[in-house]
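# Structural overview for review
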Amino acid sequence: MKFGIMSLDFKRLSLEETFYLAQLYGFDGVEIFGSRCHLYPDDYSEEVAEEVRNLQKKYQLEVPMYTPLALNLPLCICSPNEKEREYGIAYYQKAVRIASEIGCRRLLVVADHPGYFSADKSVWSWLVGSMRKICSYAADKGVQVTIEPLTPMESPVVSTVDHCVRLLEDVDSPCLYAMMDIVPPTIVKEPISKYFSMLGDRLNYIHICNNDGVTDAHLRLDTGILPVTDVINVIQKHGYQGYVTTELYSEMYYDPELMLSNTARYLKNAASELGLKHRF
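Let me begin by describing the structure that accompanies this report. (Residues numbered from 1 in each chain as written. Predicted model: local features only at pLDDT ≥ 70, side-chain atom pairs only at ≥ 80, totals over all residues. Heavy atoms only, no water.)

Our focus in this paragraph is helix α5 (residues 161-171). All buried positions along α5 are accounted for by Val-161, Cys-164, Val-165, Leu-167, Leu-168 and Val-171. For α5, the angular spread of buried residues about the axis comes to 160°, placing them on one side. Against the buried residues of α5 lie α4 (120-138), β5 (144-147), β6 (176-181) and α7 (193-199). A distance of 3.3 Å separates the backbone nitrogen of Asp-162 from a side-chain oxygen at the start of α5, and that oxygen is part of Thr-160. Remark: Asp-172 follows α5 within two positions and exhibits a positive phi of approximately 55°. (Buried < 20%, exposed > 50% of the residue type's maximum accessible area, 1.4 Å probe, protein only. Helix = DSSP H or I, 4+ residues; strand = E, 2+ residues; numbered from the N terminus. Arc of directions from axis to C-beta. Contact = heavy atoms within 4.5 Å. Polar contact = N/O pair within 3.5 Å; in protein donor to acceptor, adjacent residues only side chain to side chain.)

As structure tokens, then:
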């Protein structure tokens, strides 16, 4: 099992400062959130790609996931607006190319809220069609297109592991995978073990945090309703060996290093208690 941090939590710092802190506190990788301050798709160039590749070499860290900014923007891939879907598909296809060129094996994709006035059957059809085009583009680029379930408050289209399984079956692409963010199963009262039993090796990534059980808050690990050490233990017991990345945007924005120190200390203690070998 490897542990990473998400650059969203460090959006007030440069990408290099984020890599430096990840190395300093003993993490294995940095998930890059593609906002304007780090790796926004529209700002991408070969010079930017070279900079990211150099950061990985300099700090001996991986980029396990590229997560382009996508929510609440006019690029919903299950929108009733065909032009919006086309824009979203092109946006994610460009993100696939970016991930491939910076040496990142995974791209995070979300099904944003399509609005309230379209039938579920139509929304699902639009999503499947869009995902097929994104996955087809990714087929020869070594990038795993990874759907992230959202909370029902954010979007009800993909919010459970059952939705993930259905999407995998309907898209039917070897490039398509699913991940688990710990918040949606907490909100919908879904056992996290269900992700492992239903997805198997198609589960390729995990976000952890704590949560209040009511909202989509991503709280620091030692605050909230979840026994996070036990969450990590469940993940370990199911034989998962991939990345577990912290996403703590509800806490990290004002003093990222302070919160990172808290996160690393919590994970160090959890790893020690569970017999996990790590360099925290």
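So that's the structure; there's more coming.
Here we come to unusual backbone geometry. In this structure, Gln-60 takes a positive phi of about 55° despite not being glycine. A positive phi is found at Asp-172, a non-glycine position, where the angle reads about 55°. Position of Asp-172 among the secondary structure elements: in the loop between α5 and β6.

Time to look at the nonpolar core. In this structure, Leu-127 and Met-131 are the most contacted members of the largest nonpolar core, which totals 100 residues. With sequence-adjacent residues up to four places away left out, Leu-127 is seen in contact with Ile-77, Cys-78, Ala-111, Val-157, Val-158 and Leu-167. (Core = buried A, V, L, I, M, F, W, Y, C linked by side-chain atoms within 4.5 Å.)

With that settled, the discussion passes to the packing of helix α3 (residues 82-101) against α4. Two numbers describe how α3 lies on α4: the axes approach to 9 Å, and their chain directions differ by 30°. Taken together, the axis directions place α3 and α4 in an arrangement best described as roughly parallel. Crossing hand, α3 versus α4: right-handed. Contacts from Arg-85, Ile-89, Tyr-92, Gln-93, Val-96 and Arg-97 in α3 reach Trp-126, Ser-130, Lys-133, Ile-134, Tyr-137 and Ala-138 in α4. The residue makeup of the contact of α3 with α4, split by class, is seven nonpolar, two polar and three charged. (Axes fitted to C-alpha atoms, helices over the stretch in contact; angles between N-to-C directions. Parallel < 35°, antiparallel > 145°, perpendicular 65-115°, else oblique. Left-handed = near helix turned anticlockwise from the far one by under 90°. Nonpolar A, V, L, I, M, F, W, Y, C, P; charged D, E, K, R; others polar.)

Enumeration over the complete set of coordinates arrives at 13 salt bridges. Residue Arg-53 is joined to Glu-46 by a salt bridge in which the shortest nitrogen-to-oxygen separation is 2.5 Å. Exposure remark for Glu-46: the relative accessible area of 44% places this residue in the partly exposed category. When salt bridges that share partners are traced, they join Glu-46, Glu-50 and Arg-53 into one network. (Salt bridge = Lys/Arg side-chain N within 4 Å of Asp/Glu carboxyl O.)

Summarising the element assignment, Asn-72 is placed in the loop between β3 (66-68) and α3. Taking the relative accessible area as the measure of exposure, Asn-72 reaches 72% and is therefore exposed. Spatially, the C-alpha atom of Asn-72 lies 30 Å from that of Phe-27, the residues being 45 residues apart in sequence.

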